[in-house]
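Architecture and fold: a report
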Amino acid sequence: MLAEELSKHEIIAFDTEFIRETTFYPIVEIIQVATSDESWLVDAQIFKKGFRPGPTGGFDSGIQPLLDIFQNKKILKVVHAAQGDEECLFSSFGILATPIVDTAVVASLCGMGDGIGLGKLLKQVLNVEIKKGHARTNWSVRPLPEQLLEYAHADVEHLVKLGTTLLADADRLGRKQWALELSAKWEERSLYDTDLASLAEKLARGGRLDKRGYAALVELVKWREGRVRQLNMPRRWVADDAVLVDLANVRPKDLAHLSAFRGLNKGELKNSGEAILEAIERSNQIEGLTISRMPRPEIPTAEESQVLDLLKCYVGILADQHKIAAKHLMTTAQLLPLLRGQIDTPEDIVRAGILSEESARLIGNELIALLKGKRAFTVYRGPTAQIRIVEI
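These numbers come from a predicted model, not from an experiment.

What counts as what
Residues numbered from 1 in each chain as written. Predicted model: local features only at pLDDT ≥ 70, side-chain atom pairs only at ≥ 80, totals over all residues. Heavy atoms only, no water. Helix = DSSP H or I, 4+ residues; strand = E, 2+ residues; numbered from the N terminus. Buried < 20%, exposed > 50% of the residue type's maximum accessible area, 1.4 Å probe, protein only. Areas by Shrake-Rupley, 256 points an atom, 1.4 Å probe, with all protein chains shown as cover. Axes fitted to C-alpha atoms, helices over the stretch in contact; angles between N-to-C directions. Left-handed = near helix turned anticlockwise from the far one by under 90°. Contact = heavy atoms within 4.5 Å. Nonpolar A, V, L, I, M, F, W, Y, C, P; charged D, E, K, R; others polar.

1. Comments concerning the overall build of the protein chain
Helix and strand content of the protein chain: 18 helices and 7 strands. Dimensions of the protein chain, computed from C-alpha atoms along their principal axes, come out at roughly 75 × 60 × 40 Å. The buried share of the protein chain, taken over its 392 residues, is 44%. Approximately 21,100 Å² of the protein chain is accessible, and the part contributed by carbon and sulfur atoms is 50%.

The structure is reproduced here in structure tokens:
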């Protein structure tokens, strides 16, 4: 039994193959799992008895032992670029794999680039080459051709070794726990549960809606969400965001008015016209809805902008020196608060919420030295031009 074999290991790997181009939910077709020396393919179609799209999709209980493995806290799961696979598990089974380590995340903490692909990473770390190029494969076709079965195995059969090798590299750099913490963010259910109130508020901020228009937008967003889940199709196929905002602004009162509205196709108008009008009518009963004010972003002066460009360049150089993706050290949004803040120590940077403890430990002193005029940039014009940092 597969689950029984997997339960004997402290670390396994998994991947999923799914289709989504024409659906609202990513629907799992193949689940690949592997240990350090063996890999398996699970045909999810076998378990789709009475399946309905969504987190309570009704897969046959025969797949439950594998889902239990994915949720077993004692088994570390290795996955590459975990967000899509976690969303697939959540939308198909209502679960998330935990604990996980994302090899793309660990690689970015070890200086191998941000968003590196699995094929390139396997070649760089293990000198293993795998064939790619099946991103748009229809994984629902049965039987799958032999070359696709080989491709599916290749995606996981080296993942355990890749994960352990990268974690060892991260450990040597003092970043293993950091890697596990960043990977764990993909285990948060809030990433995969649609917050309709937040979605409506986000759309409203760019739509110049009054209170009544915002109330209508809230109800229209709820209508669309129910419709796309019912039909299992992308939101834009029912009504894109701009159409909802326009409907909320105009608020048609009857089918004749609605039928003259640009942006709704005739089929959806026929099927959902009354439901749309009812959603708008319900909004008239809502009181007290307000759009929360977003803090306006701080705008740098012309002089500050020049300094920010210099700081961004400096962080990039430090990222190269420390062999880490720059995004883990500092984001562009953090540069201006650093420039304007009263910063004397790395601890000050952390207390101000500008940097994490990990990034402050790596570059805090160097940033302060630059801000205090103790670092300078020089251009080295050798065989390869370089910017070098020197102490003053």
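What follows picks up the thread again.
2. Remarks on the environment of Lys202
Here Lys202 is to be found in helix α9 (residues 196-205). Residue class for Lys202 comes out exposed when judged on its relative accessible area of 62%. Put simply, Lys202 and Leu144 are 58 residues apart on the chain and 42 Å apart in space, counted from C-alpha to C-alpha.

3. Looking at the packing of helix α10 (residues 211-231) against helix α14 (residues 266-283)
The relative placement of two packed helices comes down to the angle between their axes together with the axis-to-axis distance. Interaxial distance between α10 and α14 falls to 8 Å at its minimum, and their mutual angle equals 145°. Like other packed secondary-structure pairs, α10 and α14 cross with a definite hand, here right-handed. Only Glu268, Asn271, Ser272, Ala275, Ile276, Ala279, Ile280, Arg282 and Ser283 of α14 make contact with α10, whose side of the interface consists of Arg212, Ala215, Ala216, Glu219, Leu220, Trp223, Arg227 and Leu231. Within the contact of α10 with α14, the residues separate by chemical class into 9 nonpolar, 3 polar and 5 charged.

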